[in-house]
Every structure is written in C-alpha cells, then in structure tokens.
Amino acid sequence: ENISQNIKLNEMESVASVAKLDFYRQFGNNYIPGGWIESEMKGMIEQPRKPVDVILAADIICQREDAIAAAKTIHDALVPPSEGRCGGVAYIVCADSGHRFGVEIFASECEGIGLDVKTNKVAELYDGKLLLECMESACGYVDGMELTFFEVRKQ
C-alpha cells in the first residue's frame, strides 16, 4: 500500500508499478519464459511476469534461507543483457550480519548463480550523509547496527 501511494504521489504510474513477489516461489534459473512469478495478491492468481530493469529493496534478509531465496529472485526478476543493452540492476540495503542472519552469504549466493555484486557500507557512501540522525527512530533499528548497500547486476 505505501509503495503504491508513493508512486501515485510522485506521478510515476507510467514507469513504476507494484507487484507481490514471494522469494520462495522463484527458482533462480529463469525457468519460465519472461522472468518471475507474481504471487497471489488481492484475489489475483499467480502469474508469470516480464523481467524488470531495476529492483529496489530494503531489509529483505533475516535468515540464511532469505539470502538464498533473494538471490534466486533477483536473478529471475532482472532483465538479462542483450545486444547493446546492459542487464538489470538491483539496489538493496540490509542491516549487517550481526543483526540480520544470512546477510553474510547474500553476495556469494548471488555470484554463485552468475550475478555481479558490489558491496559498500552505507556509512561510507557520500561521506556518511545518507545516514541521518533519525535512524535511531526507524523501525527495527538497534544501537550499533550498520547497513550494507548491495548493487547486484545481471550479466
């Protein structure tokens, strides 16, 4: 609901949409023509969906199984590269492995199925200006939590 409202408020309906994506319904091998499976949502049945150019995600890994499933999902959901065109990219922010189990294996799971991964500590990006003093009031934040930024590309 929040994402749909943000898309509408920013008048992005022509280039952005929302779909329910269940990590545990993807297989990591583009087994269906066209990409990934949209899960049941609001009475709509599961259906294959075309791959996308960009994925934005945050706080998606809480256990090792989530890291594996997220890697497979990103692989299936991103558009593959084609002549004259780069593959899709996912931008993901997660808490560090001290606070979210499984984050430590996410990059290697992605690489294991052919995705290119770059990681950075969020605190080191833009001289730390991405982290505001209000982080302490964010839901799920605990003292000492560090955030990792993943850039995952389909090659």
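Whatever comes next refers back to the structure up there.
Residues numbered from 1 in each chain as written. Predicted model: local features only at pLDDT ≥ 70, side-chain atom pairs only at ≥ 80, totals over all residues. Heavy atoms only, no water.

## Let's talk about the sheet that holds strand 6 (residues 147-154)
Ordered in space as 3-4-6-5, the four strands form an open sheet in which the pairing is mixed. What marks the edges here is a single partner per strand, and that holds for strand 3 (54-58) and strand 5 (115-121). Strand-to-strand twist in this sheet, taken as the mean axis angle between neighbours without regard to direction, amounts to 15°. The pairing of strand 3 with strand 4 (residues 89-95) spans five bridges and is parallel. In the sheet register, Ala-58 faces strand 4, and the bridge partner there is Val-93. Along the sheet face, helix 2 (residues 64-77) touches strand 3, strand 4, strand 5 and strand 6 and points at about 125° away from the line of strand 5. (Pairing = 2+ DSSP bridges. Helix = DSSP H or I, 4+ residues; strand = E, 2+ residues; numbered from the N terminus. Axes fitted to C-alpha atoms, helices over the stretch in contact; angles between N-to-C directions. Contact = heavy atoms within 4.5 Å.)

## Overview of the packing of helix 2 against helix 3 (residues 103-112)
Remark: helix 2 packs on helix 3, axes separated minimally by 8 Å, with the N-to-C direction vectors making an angle of 30°. The angle between the axes of helix 2 and helix 3 places the two elements in the roughly parallel class. Read as a crossing pair, helix 2 and helix 3 show a hand that is right-handed. Contacts between helix 2 and helix 3 involve Arg-64, Ala-67, Ile-68, Ala-70, Ala-71 and Ile-74 on the former and, on the latter, Glu-104, Ile-105, Phe-106, Glu-109 and Cys-110. For the contact of helix 2 with helix 3, a count of residues per class yields eight nonpolar, no polar and three charged. (Parallel < 35°, antiparallel > 145°, perpendicular 65-115°, else oblique. Left-handed = near helix turned anticlockwise from the far one by under 90°. Nonpolar A, V, L, I, M, F, W, Y, C, P; charged D, E, K, R; others polar.)

## Topic: unusual backbone geometry
In the Ramachandran plot, Glu-11 falls in the positive-phi region, its phi being about 50° despite a non-glycine side chain. Its place among the elements puts Glu-11 in the loop between helix 1 (2-9) and strand 1 (36-38). Overall, Glu-11 belongs to the exposed group, its relative accessible area being 66%. One non-glycine residue with positive phi stands out, namely Asp-59, at about 50°. When you line up the elements, Asp-59 lands in the loop between strand 3 and helix 2. Its relative accessible area of 40% is what places Asp-59 among the partly exposed residues. (Buried < 20%, exposed > 50% of the residue type's maximum accessible area, 1.4 Å probe, protein only.)

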